[in-house]
Amino acid sequence: KLNSREAAEHDRPGERVGSRACTDLSFDQAKLGMKRSALLAAALCARAGAFAPHRSALLPSARGLASARIAAVAPAAVLEPTTLPAVHVGWELLSTEVVEEYEVVANRYIHRLTRAELLSVVAPNDDNKVFLAAFRTQPDAEVGSTGVAHILEHSVLCGSAAYPLKAPFVEMLKGSVHTFLNAMTYPDRTVYPVSSQSMADFYNLLDVYVDAAFCPIATDTRSGRGREIFEQEGWHVAAKRTAAVGDTAAVPVAAGLSLQGVVYNEMKGVYSSADSLHGREALRALFPDSPLRWDSGGDPEQIPKLSYEQFVNFHRTRYAPASALLFACGDDPELERLNRIDAALTRAHVHRSTALPPLAPEVAGVPPMSKQALRSEPWLVQDTYPVQANAQLEQSGQYVSLNWLITDEDIPDSERLALSLCSSLLLGSAAAPLRASLLRSRLGSALIGGGLSDSLLQPIFSVGLKGVALGDEARDKVSELVLDTLRRIAGGEDVTESDGVVVEGDAAAASRPAFDDEAVAGALNSLEFRLREFAASERRGLSLGLGAAGEWAHGRDPVEGWRFRKSLAELKARIASEGAPALFSKLVHTYLLSNGHRVTVQLAPSVGHAAERDQAETNTLAAAADLPATGDATHGAKEEALLARTAALRLAQQAEDSPETIAKLPRLRLSDLELACSPPIPCDVTHLPKDALDGPGRVVYLSRPLASAGVVLVDVGLSLEPILKPLAQMAAQNGWPLSPTDPTACAAAAAAAAAPAAAPPPPAPAAAAVAAAATTT
């Protein structure tokens, strides 16, 4: 297997060239001067029988290739755009389809050696190249709310087998022109997206990302550094000797113990926020029998229960290549893209084969979650959030929200679109009836919930108020107001009739039913505009990748969600045939009013909440430290061990990477940057005749064809010269600024503006700048 970068550098030492290199699969090691492991050679030869020759149309020349050869196109080579999928020895093409909405071609491949799935999107008009790796990381009963997925997201970025730096991405930021570089943990998945407009930079980032995800040092048990990373990013018991106030004598180590860790401290902050606690409690309550009942970010009480062995095993199963979705999008040559990802995956396969025990066939892939079954009767969940003093109890108020799990069945995309539109009609603007009704009631200080959320396997709907008066009576008033308003809206009543209270810019002024034709037409137009405008977004590829990762994690077609035209047409047809009021009223009845899977979450302020959390942390710390009783013979030895472990971790954190280690990281050089700009977009210039206007002047019409999915973007520029010239004349004659209380000056200004412009006298020094500005404008 030939890596294009190695081949180019071998052909011309010290210089990266944009040439193509070909070699036999068995490769002549003497010629290439490369040493490959016997395992890699055996793996490549074993898969040679499935090789299909490359199509010559995808190569920079039409030179024929034998069926036992592989071609690699260097990043500098530019290929003509084509809708034909690239053919590569390492990849099996599963499907190819054109997505007209975004003018891209989506090709699905599976990696023959590792069984990793790749969604390769050919986007000739998108120079912002994107790569993304996604994994299904929903918690299970073994790890619960220990936050293992969140800790892994941090830890895999702390060095890998090929790039063993302490913080490779921090180092890469010093010499990268990336447009996006991050990692995110969702309740049911973890994604690692990166993007860059520079092809060389993009391939460097891609290579480091793949190695980080599949071969992190954090899960390599053959050295102590993996455990150090786990303790640094996850949790550890930190020990220190402290001195009592006014006394130089050392106090027991137990007095200086604390729980530390990047994720642990981050989640302590999250769990001290009332808004975060409410959102997590609502999600946990809606999915009582699903993995979503556990917090993938980590509960501070549960994080210290995660062992290093559980951490390693979670990565070994959830981050196996066969359990991943890889996504790539942009205008780079697809064949080179496949070659790069294949090389990175093959290297990762060799590392995992030697560093990790093989996975059993039954855990070689992580299936999507099963759905939460709907309950038939509503229920109540109560909890507290921390406040500092009793005086803040009434001032803070409580959180009250109603939360629905919409369905436990698969629904078509047009139905999901209809639910999104319905949510927008109910809550999406200041004049939306449910929003206006809640705020006008003054039962709370602000709206919470936000309506429909469709980012999980099953959609949810949430709405409520915070700053509600304390007590169950106030809670019941909010609940009844939400339900009564929904009943009235579904019944066609106007719930926005003004009661003398102006809310958010006179939200009550729009007196009309929620689902009348005008409101629906406006919301539908806004929805269609957002869907179409997205096609011209600078971060289109990144958004496509994040959306595809979510659909894939839920076991759905990752491309189908991009096809909005069909779903939008079906929704418009339903509105035309059933009528907007009937359609959306039925949605409210079906998914909200008649849906028993509804939980009311009541979150009340509590002075004792923080004290309870502190006591729980003390108990967790004691269990994690596992110090024997003071009089025990092993007590002193255990204290010294904790001190030594803390010191070793601090020393490892302070150590710097050697120059040799840093040199392993791929570097972006000035010669790698593409000097030529993108080809200019043709501009049509039209001079419209003067009689096209009612008054004097002329119109120059400039137009450019852009991939904007049918959205026409219009900018209108008007010359201010007819206004500014008379003002300049007045400034020259009367000084500046003109006084609005001087009727003579104002009348003269009006007369000058109406009269033909005359040559002004030489401007006074005070008005010279104004006159110059008018001439320039």
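Residues numbered from 1 in each chain as written. Predicted model: local features only at pLDDT ≥ 70, side-chain atom pairs only at ≥ 80, totals over all residues. Heavy atoms only, no water.

The helix and strand tally for the protein chain stands at 25 helices and 19 strands. Within the span of the protein chain, comprising 777 residues, buried residues form 47% of the whole. A fraction of 76% describes how many contacts in the protein chain between residues 6 or more apart in sequence connect residues 24 or more apart. Surface exposure of the protein chain reaches about 36100 Å², of which carbon and sulfur atoms provide 55%. (Helix = DSSP H or I, 4+ residues; strand = E, 2+ residues; numbered from the N terminus. Buried < 20%, exposed > 50% of the residue type's maximum accessible area, 1.4 Å probe, protein only. Contact = heavy atoms within 4.5 Å. Areas by Shrake-Rupley, 256 points an atom, 1.4 Å probe, with all protein chains shown as cover.)

On to the pattern of salt bridges, then. Counted by the stated rule, this structure contains 40 salt bridges. Note that aspartate 188 is salt-bridged to arginine 189, the shortest N-O span being 2.9 Å. A salt bridge links arginine 337 to aspartate 332, with the shortest nitrogen-to-oxygen separation between them at 2.7 Å. Like arginine 337, the residue aspartate 332 is buried in the burial classification. Counted as one network, the salt bridges with shared partners bring together Asp413, Arg416, Asp454, Glu551 and Arg556. (Salt bridge = Lys/Arg side-chain N within 4 Å of Asp/Glu carboxyl O.)

The residue aspartate 626 is located in the loop between helix H20 (608-625) and helix H21 (635-654) in this model. Overall, aspartate 626 belongs to the exposed group, its relative accessible area being 52%. Through-space distance from the C-alpha of aspartate 626 to that of lysine 638 is 8.6 Å; in sequence the pair is 12 residues apart.

Soluble globular proteins tend to pack their nonpolar side chains together in the buried interior. Counting residues in hydrophobic clusters, the biggest one holds 75 residues, and the most contacted among them are Phe131, Phe214, Phe311, Leu326 and Ile341. Among the elements that take part in this core, helix H6 (residues 199-214) stands out by supplying 11 residues, more than any other. Excluding its chain neighbours within four sequence positions, the residues that come into contact with phenylalanine 131 are Tyr192, Pro193, Val194, Phe202, Leu206, Tyr209, Val210, Leu326, Phe327, Ala328 and Ile341. Ala474, Val520, Ile575 and Leu592 belong to the second-largest nonpolar core, a separate cluster that totals 71 residues. (Core = buried A, V, L, I, M, F, W, Y, C linked by side-chain atoms within 4.5 Å.)

Our next topic: the pairing of strand S12 (residues 324-330). Counting buried positions over the 7 residues of S12 gives 7, a clear majority of the element. Residues of S12 alternate between two faces, with Ala324, Leu326, Ala328 and Gly330 on one and Leu325, Phe327 and Cys329 on the opposite face, all of them buried. As defined by bridge partners, strand S5 (residues 117-122) adjoins S12 across 6 bridges and the pair is classed as parallel. From the neighbouring strand, serine 120 faces S12, where its bridge partner is alanine 328. (Pairing = 2+ DSSP bridges.)

Now for helix H11 (residues 334-355). Counted at 1.5 Å a residue, the expected span for H11 with its 22 residues is 32 Å, and the 31 Å between its end C-alpha atoms agrees. Judged by how many residues are buried, H11 sits mostly within the fold: 18 of 22 residues are covered. (Expected span 1.5 Å × (residues − 1).)

Before going further, it helps to spend a moment on the pairing of S5. Of all 6 residues in S5, 5 are buried, a share of seventy percent or more. Summarising the sheet, strand S4 (residues 104-111) and S5 pair through 6 bridges and their orientation is antiparallel. If you follow asparagine 107 over to S5, its bridge partner there is serine 120.

Two numbers describe how helix H4 (residues 148-155) lies on helix H7 (residues 225-233): the axes approach to 9 Å, and their chain directions differ by 115°. Both H4 and H7 take part in a crossing whose hand is right-handed. Note on element contacts: H7 touches H4 through Ile229, Phe230 and Glu233, opposite Ile151, His154 and Ser155. (Axes fitted to C-alpha atoms, helices over the stretch in contact; angles between N-to-C directions. Left-handed = near helix turned anticlockwise from the far one by under 90°.)

Its location among the elements puts proline 581 in helix H19 (residues 580-593). In the structure, proline 581 is positioned 65 residues away from aspartate 516 in sequence and 6.2 Å away in space, judged by C-alpha atoms. Filtering out sequence-adjacent residues up to four positions away, proline 581 remains in contact with Phe515 and Asp517.

The grouping of Val712, Val714, Val716 and Leu718 at the surface amounts to a nonpolar patch, some 490 Å² of accessible area in total. Structurally, valine 716 is set in the loop between strand S19 (699-703) and helix H23 (721-734). (Patch = residues over 30% accessible without salt bridge, like charges linked within 9 Å, V, L, I, M, F, W, Y side chains within 5 Å.)

Pairing is mixed across the open sheet formed by 5 strands, whose spatial order is S13-S17-S14-S16-S15. Either end of the sheet is taken by a strand with one partner, and the two such strands are strand S13 (379-386) and strand S15 (446-453). Averaged over all adjacent pairs, the angle separating strand axes in this sheet is 15°, with direction ignored. On top of the sheet, helix H13 (residues 413-427) reaches S15 and strand S16 (460-468); it is set at about 165° to S15, its chief contact. This element, helix H15 (residues 472-490), spans S13, strand S14 (398-405), S16 and strand S17 (598-606) of the sheet and lies at about 40° to S14.

Right, let's talk about the environment of glycine 491 for a bit. Within the secondary structure, glycine 491 is located in the loop between H15 and helix H16 (517-533). The class of glycine 491 is exposed, set by a relative accessible area of 61%. Taking the C-alpha atoms as reference points, glycine 491 and serine 585, separated by 94 residues in sequence, lie 7.1 Å from one another.

On to the confidence of the model for the protein chain, then. This prediction gives the protein chain a mean pLDDT of 80; 76% of its residues lie at or above 70. Overall, residues 1-81 carries pLDDT values under 50, and its contacts beyond four positions in sequence, including any with other chains, amount to 135 contacts. Here residues 498-510 is modelled with pLDDT under 50, and outside its nearest four sequence neighbours on either side it reaches 17 contacts, counting other chains as well. (pLDDT = per-residue confidence, 0-100.)

In this model, arginine 115 sits at a positive phi of 65°, which is unusual for a non-glycine residue. With respect to the secondary-structure elements, arginine 115 resides in the loop between S4 and S5. Phi at aspartate 626 takes a positive value of approximately 55°, unusual for a residue other than glycine.

Between the first and last C-alpha of helix H9 (residues 274-286) there are 18 Å, a value that for 13 residues agrees with the 18 Å anticipated at 1.5 Å per step. Taken as a whole, H9 has its buried residues at Ala274, Leu277, His278, Glu281, Ala282, Ala285 and Leu286. Within H9, the buried residues cover an arc of 155° as seen down the axis, which keeps them to one side. Those residues of H9 hidden inside the fold are in contact with S13, S14, S15, S16, S17 and H20. (Arc of directions from axis to C-beta.)

One pass over the structure, following the stated rule, counts 15 aromatic pairs. Considering the side-chain rings of phenylalanine 135 and phenylalanine 214, the 5.7 Å spacing of their centres and the 75° angle between planes classify their relative orientation as edge-to-face. With phenylalanine 135 in strand S6 (residues 129-136) and phenylalanine 214 in helix H6, this residue pair connects regions lying 79 residues apart in the sequence. Grouping aromatic residues by their ring pairs yields a cluster made of Phe135, Tyr192, Phe214 and Tyr319. Here the basic side chain of arginine 136 rests over the ring of tryptophan 552, its NZ or CZ set 4.1 Å away from the ring centre. Across the ring face of tyrosine 186, the terminal group of arginine 189 is positioned such that the distance to the ring centre comes to 4.1 Å. (Phe/Tyr/Trp six-rings, centres within 6.5 Å; stacked < 30°, edge-to-face > 60°. Lys NZ or Arg CZ within 6 Å of the ring centre and 35° of its normal.)

So, on to the side chain of threonine 620. If you trace the backbone, threonine 620 turns up in helix H20. A polar contact of 2.8 Å, which involves the side chain of threonine 620, links it to the backbone oxygen of alanine 616. Dropping the residues within four chain positions of it, threonine 620 is found in contact with Leu259, Glu301 and Pro304. (Polar contact = N/O pair within 3.5 Å; in protein donor to acceptor, adjacent residues only side chain to side chain.)

Turning our eyes to something else, we now look at the packing of H13 against H19. Closest axis-to-axis distance for the H13/H19 pair is 10 Å, and the angle between their directions is 95°. Classified by the interaxial angle, the pair formed by H13 and H19 is roughly perpendicular. Judged by residue contacts, Glu415, Ala418, Leu419, Leu421, Cys422, Leu425 and Leu426 of H13 engage Phe584, Leu587, Val588 and Tyr591 from H19. Each residue belonging to the contact of H13 with H19 can be placed in one class, and the counts come to 10 nonpolar, no polar and 1 charged. (Parallel < 35°, antiparallel > 145°, perpendicular 65-115°, else oblique. Nonpolar A, V, L, I, M, F, W, Y, C, P; charged D, E, K, R; others polar.)

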